[in-house]
Amino acid sequence: AHAWLTLPPRFASKLELMHRADTSAQVLAGAQVLLARLVAWAQARNGRIAACTLHMLHERQRQVLAPPTVLHLALAEPALDAAHLQALLRERLARMALHAPTLELRLHCADLVPGQAPNGELFPCAAAQAEGLARLLERLRARLGDDQVRCLVPVADHRPECSSRQLPAQ
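Residues numbered from 1 in each chain as written. Predicted model: local features only at pLDDT ≥ 70, side-chain atom pairs only at ≥ 80, totals over all residues. Heavy atoms only, no water.

Caption draft 1: The arrangement of empty space enclosed by the protein in detail. Considering all chains together, one arrives at two cavities of 30 Å³ or more under this definition. Of the volumes computed, that of the second largest cavity is approximately 40 Å³. Every residue along the wall of the second largest cavity is listed here: L73, A74, L88, R92, E138, R141 and A142. Within the residue set of the lining of the second largest cavity, elements represented by two or more residues are β3 (69–79), α2 (82–95) and α3 (126–144). For the lining of the second largest cavity, the leading source of residues is α3, giving three residues. By residue class, the composition of the lining of the second largest cavity is four nonpolar, no polar and three charged. (1 Å grid on protein atoms, 1.4 Å probe; cavity = no way out; pocket = protein on both sides within 12 Å on 5 of 7 lines; lining within 4 Å. Points joined across faces, edges and corners; volume = space filled by probe spheres on them. Helix = DSSP H or I, 4+ residues; strand = E, 2+ residues; numbered from the N terminus. Nonpolar A, V, L, I, M, F, W, Y, C, P; charged D, E, K, R; others polar.)

Caption draft 2: Expanded view of the pattern of salt bridges. Evaluated as defined, the whole model comprises six salt bridges. Here R20 makes a salt bridge to E59, at a shortest N to O gap of 2.8 Å. Taken together, the residues span a long stretch of sequence, with R20 in strand β1 (residues 11–21) and E59 in the loop between β2 (47–58) and β3 at a distance of 39 residues. By relative accessible area, which is 42% here, R20 ends up partly exposed. In this structure, R159 and D157 form a salt bridge, with 2.7 Å as the shortest nitrogen-oxygen distance. We classify R159 as partly exposed; its relative accessible area is 40%. Beyond isolated ion pairs, a larger network of salt bridges with shared partners links R20, D22 and E59. (Salt bridge = Lys/Arg side-chain N within 4 Å of Asp/Glu carboxyl O. Buried < 20%, exposed > 50% of the residue type's maximum accessible area, 1.4 Å probe, protein only.)

Caption draft 3: The arrangement of unusual backbone geometry in detail. In this structure, N46 is a non-glycine residue whose phi angle is positive, near 55 degrees. Looking at where N46 falls in the secondary structure, it is placed in the loop between α1 (24–44) and β2. When its relative accessible area of 44% is taken as the criterion, N46 is described as partly exposed.

Caption draft 4: Main features of the side chain of E104. With respect to the secondary-structure elements, E104 resides in strand β4 (residues 102–114). Side chain to side chain, E104 and R106 meet in a polar contact 2.9 Å long. (Polar contact = N/O pair within 3.5 Å; in protein donor to acceptor, adjacent residues only side chain to side chain.)

Caption draft 5: Molecular detail of the sheet that holds β2. Spatially, four strands are ordered β1-β4-β2-β3 in an open sheet, and the strand pairing comes out antiparallel. Edge positions in the sheet fall to β1 and β3, since each of these pairs with one other strand and no more. Strand-to-strand twist of the sheet, defined as the mean angle between neighbouring strand axes without regard to direction, takes the value 20 degrees. Here β2 runs beside β3; their pairing, made up of seven bridges, is antiparallel. Note that in β3 the partner of A51 across the bridge is A74. On the sheet, α2 packs against β2 and β3 and is oriented at approximately 140 degrees with respect to β3. (Pairing = 2+ DSSP bridges. Axes fitted to C-alpha atoms, helices over the stretch in contact; angles between N-to-C directions. Contact = heavy atoms within 4.5 Å.)

Structural data, given as structure tokens:
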């Protein structure tokens with residue numbers, strides 16, 4: 001009998017960088033390897049990624065260990081596209097300043113949504129257009145921040161100036 005391969009319920013992978021990463025572009029190059037592993041794990045579990053967390057472990061500065069930088073990446077709609085995850089991570093890293101050179105990266109994912117990735121369509125339908133809007137919101141939230149992207153929600157009030165309110169776009 002063959003011993004079946006059982007995948008862990010949560011993804012955890014680490015990568016020691018060959019050289020210390022001083023810039024976000026160098027961190028992104030290392031994170032690309034971890035994202036490829038994450039997508040392969042999600043495909044093997046027949047799921048889609050809803051959120052993941054990148055931990056950047058830093059070099060000691062003046063005999064003091066710097067705390068790890070934690071970057072949480074939440075998707076508006078679960079996805080399996082490594083290029084999309086990398087683009088969101090690039091936007092988040094561009095806004096962040098590294099306080100010390102990075103030596104090791106760790107990627108964790110516990111938010112896996114069951115289901116297959118959608119097939120590409122010749123003629124896009126309303127669902128595909130809604131997915132495009134969700135990806136646009138993700139990129140805006142990654143670039144501008146979660147609190148800066150807002151949507152209007154109608155409120156039952158006869159006064160025009162009070163007939164809507166703003167909420168963070170989730």
